[in-house]
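Architecture and fold: a report
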Amino acid sequence: MTSGYLPVPPPTPHASAATTGIDLAGRTALVTGAGGAIGRACASALAAAGAHVHVVDIDAATAKSVADSIGGQAHVVDLARAETVEELPADIDILVNNAGLQHVAPLTEFPPERFALMQRVMVHAPFLLIRRTVPHMRARGWGRIVNISSAHGLRASAFKAGYVTAKHALDGLSKVAAVEGAPHGITSNCVNPGYVRTPLVERQIEAQAAAHGIDTGQVVSDVLLGRSAIKRLIEPAEVAAVVLWLCGPHTGYVTGASMPLDGGWTAT
């Protein structure tokens, strides 16, 4: 975030620098929401490790930009529409369910149609993609499913009924995939970051300020980072480094986990 809410922290190493020795040559990955900050970082890290990456995003320009920058393949898809999900490739070794959206409002004012949309994008679409890609993973005897959940998949916050519900469901779905995938060499895990330095979080600051009736500075210090022991936002590359690590040679026994990457938020 560079809008003055917080000082910019020291540069964070690129994901590939933090996870040397991971060779994904010959593997094919699919990353949803890959035009956004976290998705782009994940797609870039996987490609740098040798994977061929399918870049999935609702925005054509950003999907093409990311795909061109990493030598991947762009797919413009609205994940809220089940029929378009079924058009995505099924021969995938690494599935990263990252796409998401946010809406901030009290329960009594939360638009039902927005709530339903969030479940379609963040729960139903990952279910369809796991269902679609697991047969290929089983046939190869190897697969990695990484779901970008959130600290809100483990804890609740006010005014986020749609997001908290979806992320809790995604964590549950991931665990079922882990149990069913274990006999076939497939792992499934969630990465649960706190607040990441992304445009989505920047937009939330204004929305949270309105919802709580406080100024933007208080949103950052009291709402976003109030429960975090480490008082800074997480960088997208830090999330991508954990995603890449979960696809590496030393994590075949790591499955069914929800891995907090939250600066100590869920420890308090």
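Further up the page is the structure itself.
The rules behind each value
- Residues numbered from 1 in each chain as written.
- Predicted model: local features only at pLDDT ≥ 70, side-chain atom pairs only at ≥ 80, totals over all residues.
- Heavy atoms only, no water.
- Helix = DSSP H or I, 4+ residues; strand = E, 2+ residues; numbered from the N terminus.
- Buried < 20%, exposed > 50% of the residue type's maximum accessible area, 1.4 Å probe, protein only.
- Contact = heavy atoms within 4.5 Å.
- Areas by Shrake-Rupley, 256 points an atom, 1.4 Å probe, with all protein chains shown as cover.
- Axes fitted to C-alpha atoms, helices over the stretch in contact; angles between N-to-C directions.
- Parallel < 35°, antiparallel > 145°, perpendicular 65-115°, else oblique.
- Left-handed = near helix turned anticlockwise from the far one by under 90°.
- Phe/Tyr/Trp six-rings, centres within 6.5 Å; stacked < 30°, edge-to-face > 60°.
- Lys NZ or Arg CZ within 6 Å of the ring centre and 35° of its normal.
- Salt bridge = Lys/Arg side-chain N within 4 Å of Asp/Glu carboxyl O.
- Pairing = 2+ DSSP bridges.
- Expected span 1.5 Å × (residues − 1).
- Bend = angle between axes of the 7 residues up to and from the residue.
- Core = buried A, V, L, I, M, F, W, Y, C linked by side-chain atoms within 4.5 Å.

Counting secondary structure elements, the protein contains nine helices and seven strands. Expressed as a percentage of the 268 residues in the protein, the buried residues total 52%. If you take every contact in the protein between residues at least 6 apart in sequence, the share linking residues at least 24 apart comes to 71%. Entry remark: accessible area of the protein is about 11300 Å², with carbon and sulfur atoms responsible for 58%.

Let us look at the packing of helix H2 (residues 37–48) against helix H3 (residues 60–70). As a packed pair, H2 and H3 sit with axes 10 Å apart at the nearest point and diverge in direction by 20°. Overall, the two elements H2 and H3 adopt an arrangement that is roughly parallel. As for how H2 packs across H3, the hand of that crossing is right-handed. For the pair formed by H2 and H3, the contact residues are Arg40, Ala43, Ser44 and Ala47 on the first element and Ser65, Val66 and Ile70 on the second.

Time to look at the packing of aromatic side chains. This structure, assessed with the given rule, holds two aromatic pairs. A ring pair is formed by Phe110 and Phe115, whose centres lie 6.2 Å apart and whose planes are at 85°; its orientation type is edge-to-face. The exposure class of Phe115 is partly exposed, given its relative accessible area of 29%. Taking the ring centre of Trp142 as reference, the NZ or CZ of Arg27 above it sits at 3.8 Å.

Here we take up the pattern of salt bridges. For the structure on display, the rule yields six salt bridges. Linking Arg81 and Glu83 is a salt bridge whose minimum nitrogen-to-oxygen distance equals 3.0 Å. According to the relative accessible area criterion, Glu83 is partly exposed, its value standing at 45%.

Okay, the sheet that holds strand E1 (residues 28–32) next. The parallel open sheet is built from seven strands, whose spatial order is E3-E2-E1-E4-E5-E6-E7. Both edges of this open sheet fall to strand E3 (73–76) and strand E7 (258–261), since each of them pairs with a single strand only. Across the sheet, the mean angle from the axis of one strand to that of its neighbour is 15°, orientation sign disregarded. Strand direction decides the pairing type here: E1 and strand E2 (residues 52–57), joined by five bridges, are parallel. Bridge pairing links Leu30 to His54 in E2.

When the terminal C-alpha atoms of helix H5 (residues 112–140) are compared, their 41 Å separation across 29 residues agrees well with the 42 Å that a helix rising 1.5 Å per residue should span. The sharpest bend along H5 measures roughly 35° and falls at Arg120.

Further remarks concern the nonpolar core. With 35 residues, the main nonpolar core has Leu24, Leu46 and Val53 as its most contacted residues. Sorting the residues of this core by element identifies E1, H2, E2, H3, strand E4 (94–97), strand E5 (143–148) and helix H9 (236–246) as the ones contributing at least two each. Ranked by residue count, the leading element in this core is H2, at seven residues. One finds Ala80, Val85, Phe110 and Met137 within the second-largest nonpolar core, a separate group that totals 31 residues.

All right, on to the side chain of Asn98 then. Relative to the helices and strands, Asn98 is located in the loop between E4 and H5. On the accessibility criterion, Asn98 (11% relative accessible area) is buried. Contacts of Asn98, omitting those with residues within four sequence positions, involve Thr32, Gly33, Ile38, Gly39 and Ile148.

Take the environment of Gly100 next. Mapped onto the fold, Gly100 is located in the loop between E4 and H5. Each C-alpha atom of the pair Gly100 and Arg120 lies 9.8 Å from the other, and the pair is 20 residues apart in sequence. Not counting the four nearest positions on each side in its chain, Gly100 is found in contact with Val121 and Met122.

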